[in-house]
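Architecture at a glance
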Amino acid sequence: MASERFRRQLNQEGTQWQTEGLISPEQWQQLRDRYQIDNLEQDSKNRFTLILMSVGCILIGLGMLTYVAANWQEIPRNVRVGMLFLLFIGVNFGGYQLWQSVRSVQQRLGQAILLLGGLLLGANITLLAQMFHIGGSAHPLFFNWGLAVWLMAYSLRQTPLGLLSIVLLGLGYWTGWWEVYWDLSSRYAEPSLYSVVMLNMPAIAALLFIPLAYRCRSRLLFTAACLGVGSALINSWHEYVLMDIPILAAIVLILPTALLWGYDDTLWADLLRQRLPLTQNPRPFQPIARVLGIVYLGQLLYFNSFYFSRLSFDLSWYAGNQQWLYFLPGFLLLTIVMVVQWVYLVRSELRSERRNANHRNNTLAIAGFLGAIGFICLLSTPTGHPWITFTINALLALLGIGLIRQSLENSRRAPFWYGLVLIVLQITSRMLEYETALMLKALIFILCGAGVILAGLWFEKYMQHHQAIAPQAPDTSIDS
């Protein structure tokens with residue numbers, strides 16, 4: 001059904017159209033019947049009543065919770081457990097019934113109540129642990145809570161619950177990773193299933209949330225899942241550097257960009273037996289993945305362009321610990337996925353006549369960047385060697401220039417501004433990193449500021465001129 005805002009606008013415009021003679025009374029009546037214009041006032045009354053009932057229920061619920069909290073210790077433990085269980089079931093059942101309604105207002109309210117049910121799940125787990133005197137760290141609570149919310153999101157196809165699950169599992173991972181890491185730092189430590197799961201969270205997060213994004217048909221959920229997997233991979237790279245395993249460290253370093261750039265919906269949609277008809281584009285998630293891959297590549301090059309880059313550190317003093325073996329299952333799984341994706345990508349680029357040389361050149365350029373970064377990480381030497389810093393800065397400059405060139409060819413604003421920001425950050429960072437005179441720093445800042453303004457004005461003028469000459473439909477390519 002059309003939104004209420006559209007129906008109200010149609011009511012105003014339709015009355016004016018009939019007055020001006022643009023449509024006949026019969027046509028206007030057909031429009032009124034089609035979009036249920038006559039029910040607008042009744043819908044407003046029902047919504048107002050629903051809001052009043054919701055506020056009243058919330059106040060009654062707060063009053064009951066306050067009464068229960070005041071007498072919590074006097075209530076028998078079995079009764080408390082039953083109350084928590086009934087509250088959780090009641091909230092989720094009510095939210096589910098509202099979500100199944102045909103009215104959009106009730107559906108949104110149902111989604112909000114289901115999200116509240118996901119939050120109540122964590123409160124119930126906490127209170128039950130307190131009642132039964134179960135202590136310990138907070139990260140297992142977040143981890144189990146996140147998995148339970150994921151089950152709710154997968155069964156109900158709810159994007160808000162999926163996002164909540166990502167947040168909860170992220171909190172559990174980042175609050176408990178170091179504790180698990182140091183518990184396994186001893187050569188004689190015995191890993192538990194939970195510790196191995198925590199150390200392999202990048203692969204587990206991908207297995208949990210990528211299919212969930214397809215099931216919920218949500219680009220937002222897919223973006224959040226990619227960000228979560230990428231951040232966990234970056235954290236895992238620290239382990240291979242400490243263990244002085246260059247080949248594994250090099251692969252983990254380039255793995256996020258390689259996975260994101262090689263991602264193809266047509267490859268995995270058949271394996272997941274899902275279809276995602278968000279648009280007519282058969283690859284609705286691929287543009288998002290490739291944009292995130294370029295963003296990660298730019299940040300990787302920038303943060304390693306400093307003289308004190310971690311790529312130059314020699315940490316072989318930590319070698320000998322076999323803790324890195326616990327990371328291998330997830331690492332091998334993601335590496336196999338990367339290889340499969342790139343084989344499929346190369347075959348698609350070679351066989352498809354619709355993909356022009358520009359797409360192939362982009363893929364070759366990304367492969368060159370990843371190969372150069374992996375080679376630098378593989379042959380990294382002790383701190384201070386200048387060739388690493390010089391090569392990383394050269395790659396960063398090439399990436400910025402390449403993005404600007406692509407934006408001019410495809411008339412896309414985002415690559416232009418991202419490339420320009422990378423170049424400006426590189427110039428200012430090098431100027432601030434090394435000792436230079438204050439007058440030179442002032443001159444660099446002024447020149448960069450003036451250059452950004454002039455480049456932006458020129459590019460906007462170019463975009464207007466290009467769109468006026470050859471207007472095109474919005475593109476869903478990798479450079480958008």
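Residues numbered from 1 in each chain as written. Predicted model: local features only at pLDDT ≥ 70, side-chain atom pairs only at ≥ 80, totals over all residues. Heavy atoms only, no water.

1. Thoughts on the overall build of the protein
- Looking only at helices and strands, the protein features 18 helices and zero strands.
- When the 480 residues of the protein are sorted by exposure, 43% land in the buried category.
- The contacts of the protein with a sequence gap of at least 6 include a subset with a gap of at least 24, amounting to 73%.
- Summed over all atoms, the accessible surface of the protein reaches about 26,400 Å², with 67% contributed by carbon and sulfur. (Helix = DSSP H or I, 4+ residues; strand = E, 2+ residues; numbered from the N terminus. Buried < 20%, exposed > 50% of the residue type's maximum accessible area, 1.4 Å probe, protein only. Contact = heavy atoms within 4.5 Å. Areas by Shrake-Rupley, 256 points an atom, 1.4 Å probe, with all protein chains shown as cover.)

2. Quick word on helix α9 (residues 201–216)
- The end-to-end C-alpha distance of α9 is 22 Å, a good match for the 22 Å that 16 residues give at a rise of 1.5 Å each.
- Across the 16 residues of α9, 14 count as buried, placing the element largely inside the fold.
- Looking one or two places after α9, you find R217, whose phi comes out positive at around 55 degrees. (Expected span 1.5 Å × (residues − 1).)

3. Thoughts on the environment of V421
- By the element assignment, V421 lies in helix α17 (residues 413–433).
- Since its relative accessible area comes to 43%, V421 is described here as partly exposed.
- On a C-alpha basis, the gap between V421 and V452 in space is 8.6 Å, while along the polypeptide they are 31 residues apart.

4. Some words on the side chain of T428
- Here T428 shows up in helix α17.
- The buried category is assigned to T428, whose relative accessible area is 12%.
- One polar contact links the side chain of T428 to the main-chain carbonyl oxygen of V424, over a distance of 2.9 Å.
- At a separation of 3.2 Å, a polar atom in the side chain of T428 contacts the main-chain carbonyl oxygen of L425.
- Not counting the four nearest positions on each side in its chain, T428 is found in contact with F445 and C448. (Polar contact = N/O pair within 3.5 Å; in protein donor to acceptor, adjacent residues only side chain to side chain.)

5. Thoughts on helix α14 (residues 328–351)
- Taking 1.5 Å per residue as the helical rise, α14 with its 24 residues ought to reach 34 Å, and the 34 Å between its terminal C-alpha atoms agrees with that figure.
- Those residues of α14 lying buried are L328, G330, F331, L334, T335, M338, Q341, W342, L345, S348 and E349.

6. Here's the deal with the packing of helix α13 (residues 286–303) against α17
- Interhelical geometry of α13 versus α17 gives an angle of 10 degrees and a closest axis separation of 11 Å. Our classification of the angle between α13 and α17 gives roughly parallel. Residues I294, V295, G298, Q299 and Y302 of α13 form the contact with α17, whose own contacting residues are Y418, L422, L425, Q426 and S429. (Axes fitted to C-alpha atoms, helices over the stretch in contact; angles between N-to-C directions. Parallel < 35°, antiparallel > 145°, perpendicular 65-115°, else oblique.)

7. Here we look at empty space enclosed by the protein
- Here the structure, examined in full by the defined rule, presents one cavity of 30 Å³ or more.
- What lines the largest cavity is a set of 13 residues, and nearest its centre among them are P202, L233, S236, F327 and F331.
- Taken together, the elements giving at least two residues each to the lining of the largest cavity come down to α9, α10 (219–242), α11 (246–261) and α14. (1 Å grid on protein atoms, 1.4 Å probe; cavity = no way out; pocket = protein on both sides within 12 Å on 5 of 7 lines; lining within 4 Å. Points joined across faces, edges and corners; volume = space filled by probe spheres on them.)

8. Quick notes on the nonpolar core
- In this structure, F209, F222, Y263, L297, L301, W342 and I373 are the most contacted members of the largest nonpolar core, which totals 89 residues.
- The contacts of L301, once residues within four sequence positions are left out, are F369, I373, I392, L395, L396 and L399.
- If you look at the next biggest cluster of nonpolar residues, it comprises five residues, including I404, F416, L420 and F459. (Core = buried A, V, L, I, M, F, W, Y, C linked by side-chain atoms within 4.5 Å.)

9. A look at a nonpolar patch on the surface
- Judged by side-chain polarity, F85, L86, I89 and F93 come together as a nonpolar surface patch covering roughly 450 Å² of accessible area.
- Relative to the helices and strands, F93 resides in helix α4 (residues 77–99).
- For F93, a relative accessible area of 53% translates into the label exposed. (Patch = residues over 30% accessible without salt bridge, like charges linked within 9 Å, V, L, I, M, F, W, Y side chains within 5 Å. Salt bridge = Lys/Arg side-chain N within 4 Å of Asp/Glu carboxyl O.)

10. Side note on unusual backbone geometry
- Its identity is not glycine, yet R157 carries a phi of approximately 55 degrees, on the positive side.
- Position of R157 relative to the elements: it lies in the loop between α6 (139–156) and α7 (159–183).
- The phi torsion at R217 lies on the positive side, around 55 degrees, for a residue other than glycine.
- Following the sequence through the fold, R217 ends up in the loop between α9 and α10.
- Given a relative accessible area of 44%, R217 falls into the partly exposed group.

11. Re the packing of aromatic side chains
- One pass over the full model with this rule turns up ten aromatic pairs.
- Consider the rings of F222 and Y263, whose centres lie 5.2 Å apart with planes at 50 degrees: the pair is tilted. Taken together, the residues F222 in helix α10 and Y263 in the loop between α11 and α12 (265–272) connect sequence positions 41 residues apart. In this pair, the class of F222 matches that of Y263, namely buried.
- Aromatic rings pair up to connect Y214, F222, Y263 and F285 into one cluster.
- Note that R215 overlies the ring of Y154, its terminal NZ or CZ placed 4.8 Å from the centroid.
- Positioned above the aromatic ring of F306 is the side chain of R430, whose terminal nitrogen or guanidinium carbon lies 4.7 Å from the ring centre. (Phe/Tyr/Trp six-rings, centres within 6.5 Å; stacked < 30°, edge-to-face > 60°. Lys NZ or Arg CZ within 6 Å of the ring centre and 35° of its normal.)

12. Considering the environment of L333
- With respect to the helices and strands, the residue L333 is situated in helix α14.
- On the accessibility criterion, L333 (34% relative accessible area) is partly exposed.
- With 129 residues separating them along the chain, L333 and I204 place their C-alpha atoms 9.8 Å apart.
- Once residues within four sequence positions are removed from consideration, L333 is found in contact with A203 and L207.

13. Some remarks on the packing of α6 against α9
- Where α6 contacts α9, the axes come no closer than 10 Å and their chain directions differ by 25 degrees. One way to sum up the angle between α6 and α9 is to call them roughly parallel. Considering only the axes of α6 and α9, their crossing is left-handed. Taken together, the residues of α9 that come into contact with α6 (itself represented by F143, L147, W150, A153, Y154 and S155) are M201, L208, F209, P211, L212, R215 and C216.
- Across the contact of α6 with α9, the residue classes break down as eleven nonpolar, one polar and one charged. (Left-handed = near helix turned anticlockwise from the far one by under 90°. Nonpolar A, V, L, I, M, F, W, Y, C, P; charged D, E, K, R; others polar.)

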